[in-house]
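Analysis of the macromolecular model
Residues per chain are reported as follows:
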Amino acid sequence: MQLLKEKHIAYVKSLDSHTDDYEYWLSEHLRLNGVYWGLTVLCILGSPETFDKDDVIAFVMSCWDDKYGGFAPFPRHDSHLLSTLSGLQILATLGGLDNVKKDQLKLSQCLKFISSNQLEDGSFQGDRFGEVDARFSYNALSCLSILGELTPEVVDPAVNFVLRCYNFDGGFGLSPGAESHASMAFTCLGALKITGKLHLLSPEQIDMIGWWLCERQLPEGGLNGRPSKLPDVCYSWWVLSSLAIIGKLEWIDYEKLTQFILSCQDEKRGGISDRPNNEADVFHTVFGVAGLSLLGYKDLVPVDPTYCMPYSITATFQKYGLY
Amino acid sequence: MHGVKRRQWTKDQLKQKKEKDRMKIDVYSSLVNSTLDRRDKNDHSLTALEDTTKLLDMNPEFNTMWNYRRDIIAKLKTELPLQFWDKELKFIMVQLKKFPKVYWIWNHRIWVLNNYPGSPASVWERELDIVSALLEVDARNFHGWHYRRMVVGKLENITGKSMDAGELAYASKKINNNISNFSAWHQRVQLIDRMFANGEIEDRKEFMEKEINYLTNAMFTDAEDQSVWFYINWFVNYPLVQSILGKEQYIRFLESMTTNILMINDDDIEFSGSDNSWCLKILLVIEQRQKELSPGFESHSVQYLEKLVVMDPLRKNRYLHLLSKQ
Ligand SMILES: [Zn+2]
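Report on the accompanying structure. Not measured: the values here are computed from a predicted model.

Looking at the overall build of chain B
Secondary structure assignment for chain B yields 16 helices and zero strands. Expected size for 326 residues packed as a compact globule is a radius of gyration near 20 Å; at 27 Å, chain B overshoots this value by more than 25%. Its C-alpha atoms put chain B at 80 × 60 × 30 Å along the principal axes. Burial analysis of chain B (326 residues in total) assigns 52% to the buried set. Long-range pairs, those at least 24 residues apart, make up 60% of the contacts in chain B between residues at least 6 apart in sequence. If you sum the accessible surface of chain B, you get close to 16000 Å²; carbon and sulfur atoms cover 53% of it. Looking at chain B, you have 47 positive and 45 negative side-chain charges, and the mean spots of the two groups are 8 Å apart.

Considerations on the side chain of N59(B)
Mapped onto the secondary structure, N59(B) falls in the loop between α2 (46-58) and α3 (63-76). Those residues in contact with N59(B) that sit more than four places away from it in its chain are L26(A) and Y28(B).

A look at the interface of chain B and chain A
Counting residues at the interface gives 61 residues for chain B, matched by 67 residues for chain A. When the two sides are added together, the surface that chain B and chain A hide from each other amounts to roughly 5900 Å², 51% of it contributed by carbon and sulfur. At the junction of chain B and chain A, the tally comes to 13 salt bridges. The salt bridge involving R76(A) is made with D40(B); its shortest N-O contact spans 3.0 Å. For the pair chain B and chain A, the number of links is 41 residue pairs in polar contact (both at pLDDT 80 or more). Only α1 (11-40), α3, α5 (103-115), α7 (142-159), α9 (182-197), α11 (226-237), α14 (277-293) and α16 (316-324) of chain B provide two or more residues apiece to the side of chain B that touches chain A.

Reading guide: rules and limits
Residues numbered from 1 in each chain as written. Chains lettered and ligands numbered in written order. Predicted model: local features only at pLDDT ≥ 70, side-chain atom pairs only at ≥ 80, totals over all residues. Heavy atoms only, no water. Helix = DSSP H or I, 4+ residues; strand = E, 2+ residues; numbered from the N terminus. Rg over C-alpha atoms; globule rule 2.2 N^0.38 Å. Buried < 20%, exposed > 50% of the residue type's maximum accessible area, 1.4 Å probe, protein only. Contact = heavy atoms within 4.5 Å. Areas by Shrake-Rupley, 256 points an atom, 1.4 Å probe, with all protein chains shown as cover. Lys, Arg positive; Asp, Glu negative; His and termini not counted. Charge placed at Lys NZ, Arg CZ, Asp CG, Glu CD. Buried area = accessible area lost by both parts, 1.4 Å probe. Salt bridge = Lys/Arg side-chain N within 4 Å of Asp/Glu carboxyl O. Polar contact = N/O pair within 3.5 Å; in protein donor to acceptor, adjacent residues only side chain to side chain.

In structure tokens, the structure reads:
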């Protein structure tokens, strides 16, 4: 099976026309993330102009949270680190970062929103209500690197916390003591990569991480997120990007994974699903396409495993610490 | 979306859905707007609280609505009767049963418990029973285990007593129910490590010997599943095993592990005609320790790795990498 590029472009394009579906309204809390996922699909497929740039930037800015700073996932919603990263990723992709960087008030509000959510142990809460998760560490550090505002005051304790999420099996948990999960390998390794701190993991740890990650591949070619779980396109990305970050991408079978991702395409309507014959969504579409790009699938724009964005864009982000 | 079968809609079905959806959208979006208007006016009334109930019942993923709800509750805190808090916990449970994987709901539950008047131990004890019941339904629910650790941590804080021994018994029970429950194996590692660190184990040697029996039984029970093997990998490399058993006994432990694993592997060869890849992978780990401890140890690692390259081609580059280091 081939990658159905045109179908996927059309699928992403159609996403905003579902306003008569109840589900569309129920998913407002993910809208900005959805725009980032869709835009990144288009970028990797070499068709970024499919979205109207000015419209998208205007939408992102309409999600700005005046009260707390940062981006909400939708106008009138509350800001959160998850949606703040999506907002900045979209702006960076479309060349609209100055909307935040050159606006003194917004920039200082944004930085304050991020740093005020860092807790004493270096971890981050997603917003003022106290949920701690290594995902939010990644969000915060990625935001700051996009803005070029990483500082030792934030980075050092943050890295300390992320390292404590490392587990005996070579995986990472969402907090110290939590079970290893593929998505956390991505967020923790990504956080360490962004801050130039990967060397704080020993060669033995890196080997153990590689072992745990490559054991995620199942005979059908897809990758799971934890032992004894089903394969899934999104986990395939979390594992694959993690392997790429530690330079062990070849520890899994490319061909089999490629076939698994391709088999999850909706041949009629476009889009990629978690597993074959399931309902496609933009989340699995971006991670499927980004995975294929990492695997070297032909004619795709190269994707940066640390940011899940095209290299051409991330090249401009702040390089911090030792590389 | 996870695990939703792709469905082909007929034109008629689509039309019907859109008609139904139009009504639902009208009700939903006007309630969203009026509630956000209330929020913008700093309305912290019971009526506003009731509106968030209605909305969250329709859409428990609406994080901003949970936020508003918490702001209202925090403002009304001194006026709310005790029954309110139990009612709130019931409301959340209804949502959790429908959506056991939505982070926002778990997060709200912890917030409510933390803000429960007095936050007494009895409330957290009841919570521990609830999370046990949830883990009965889905023994590997990620959120459930994470939540359990938080509840236990809270109880330990309140009572000043470690619950590690009881939690270890719980993890054992979960493993005995299903040997592939890696969440429980994970928990086992956390607990054992902490119990040693905090001096909670009286007879350390006896404990280690029992643990060796336990993992040996587990290995014979299901040699196909990677959960027990990841645990064994940890245990073999856990520094305290050697320091507590002493070098001689530790070496004998490694030898008996080797004998047992080879026995399992031979059974597999007899049964299916090929080696068990996990047996070989863990033998490699054990040999690594043996090589470190006994100079002149006769290693079979190259032979194991060459077999693995052929029998586990998905990961052959890892084995080639390890071969290059032999
Ligand atoms: Zn998925």
